[in-house]
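Residue-level structure breakdown
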Amino acid sequence: MLLLFWKKKLCPHKSSYWLFPRFEDWAIFCAEVKEAATAIGRATRGESPHIACISTDEKTGIQALSRTEAAAPDSQGGYLRQETEYQRNGTTTLIAATDLQSGTICHHICSATRTEQDYAIFAEQTIGKVLEQPDVQEVVIIADQLNTHLSETLVKLMVVLCGLEGIDIGEKGKEGILKNKQSRKKFLEDPTHKVRFLFTPKHCSWLNPIENWFAKLQTQLINKGNFESVAILQQKINNYIEYYNTYLAKPIQWQFKGFDKQRKLHNIIMESN
């Protein structure tokens, strides 16, 4: 309690650092949010059938937990009762993509790691599947600004997929497109490319639709599951996705169009230059 009092009363700036998001430019932030919201809205309403809009992210550290289960006595209803204690049997990482026009999970992989190579392989497989659809001419990928989503490996993959092998991409940490995260982000978001990324701003995980599906997976499968090994956990995730795509998938009802009034929120701090 005393520590919380110190943070709020004696050091309000540090308190704000932990409790409130920070932005360098509110107008730029609003424009980025609006661009992402517009792309998502068009996809969910089917307004641009030749543009496939997919949402991707990783769900890391999914634990394979096993618990003892037994039926309660008949006098208590005989329902299945689960022990609160559990055994840890390892973890897996799920990388998934949802097609916003249909609401289905169009591709996923379960992996022990989530390196930039893992994400680049996943992206290549996903884009390949999406471009197999006869009406699709362009692909827009919604993702957050994680390092693995702005990697050198991913830039090199996009160079090949977009037919840009002749350009000079420079050297990581020194020059050109590969120089830093900002230069790689600008290249990956280039609207003239057949396949491009659309990165959500910082503090905007809520803007990435795949997060909603991850919440369903957590609630409907993982929280209630009993997994004696990582292999069993991965198989049940695969089964859930197959069931979800067959019976539950549908386009989300996307209503958010961005911050139209350009009015700053009360819980933000602007960075001083």
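What this report covers is the structure whose coordinates are included nearby. (Residues numbered from 1 in each chain as written. Predicted model: local features only at pLDDT ≥ 70, side-chain atom pairs only at ≥ 80, totals over all residues. Heavy atoms only, no water.)

**Some thoughts on the overall build of the protein chain**
When its secondary structure is counted, the protein chain shows eight helices and nine strands. A burial count over the protein chain gives 41% of its 273 residues as buried. The contacts in the protein chain between residues at least 6 apart in sequence include a share of 70% that link residues at least 24 apart. Total accessible area on the protein chain stands at roughly 16000 Å², and carbon and sulfur atoms take up 51% of it. (Helix = DSSP H or I, 4+ residues; strand = E, 2+ residues; numbered from the N terminus. Buried < 20%, exposed > 50% of the residue type's maximum accessible area, 1.4 Å probe, protein only. Contact = heavy atoms within 4.5 Å. Areas by Shrake-Rupley, 256 points an atom, 1.4 Å probe, with all protein chains shown as cover.)

**Observations regarding the nonpolar core**
Residues Tyr 119, Ile 141, Leu 154, Met 158, Leu 188 and Phe 197 are the most contacted members of the largest nonpolar core, which totals 31 residues. Contributing elements (two or more residues each) for this core: strand 2 (51-66), strand 5 (87-99), strand 6 (105-111), helix 4 (116-131), strand 7 (138-143), helix 5 (152-161), helix 6 (181-188) and strand 8 (195-199). Broken down by element, the residue count for this core peaks at six residues, all from helix 4. Once residues within four sequence positions are removed from consideration, Phe 197 is found in contact with Tyr 119, Ile 141, Ala 143, Leu 154, Met 158, Leu 188 and Glu 189. Cys 30, Cys 53, Val 140 and Leu 207 belong to the second largest nonpolar core, which has 18 residues in total. (Core = buried A, V, L, I, M, F, W, Y, C linked by side-chain atoms within 4.5 Å.)

**Some remarks on helix 8 (residues 230-248)**
In this model helix 8 runs 25 Å from its N-terminal to its C-terminal C-alpha over 19 residues, within 8% of the 27 Å that 1.5 Å per residue would give. Of all the positions in helix 8, only Leu 233, Ile 237, Tyr 240, Ile 241 and Tyr 244 are classed as buried. Burial along helix 8 is one-sided: seen end-on, the buried residues are contained in an arc of 100°. Pointing more than 90 degrees away from the buried face of helix 8 are the exposed residues Ala 231, Glu 242, Thr 246 and Tyr 247. The inward-facing, buried residues of helix 8 contact strand 2, strand 5, strand 6 and helix 7 (210-222). (Expected span 1.5 Å × (residues − 1). Arc of directions from axis to C-beta.)

**Looking at the environment of Ala 143**
Position of Ala 143 relative to the elements: it lies in strand 7. Classification of Ala 143 by relative accessible area gives buried; the value is 0%. Residues Ala 143 and Leu 198, spaced 55 residues apart in sequence, show a C-alpha to C-alpha distance of 6.4 Å. Once residues lying within four places of it in the same chain are set aside, the contact partners of Ala 143 are Thr 56, Tyr 119, His 149, Phe 197, Leu 198, Phe 199, Thr 200 and Asn 208.

**Observations concerning the pairing of strand 7**
In terms of burial, strand 7 is largely enclosed, as five of its six residues are buried. Pairing of strand 2 with strand 7, which is carried by five bridges, proceeds in the parallel orientation. If you follow Cys 53 over to strand 7, its bridge partner there is Val 140. Here five bridges tie strand 7 to strand 8, and the two strands are oriented parallel to one another. Its bridge partner lying in strand 8, Val 140 is registered against Arg 196. (Pairing = 2+ DSSP bridges.)

**Comments concerning the sheet that holds strand 8**
Taken together, five strands build an open sheet; the order of strands is 6-5-2-7-8 and the sheet is mixed. Across the chains shown, the open sheet's two edge strands, defined by having one partner strand only, are strand 6 and strand 8. The average undirected angle you get between the axes of adjacent strands in this sheet is 25°. This element, helix 4, spans strand 2, strand 5, strand 6, strand 7 and strand 8 of the sheet and lies at about 155° to strand 6. (Axes fitted to C-alpha atoms, helices over the stretch in contact; angles between N-to-C directions.)

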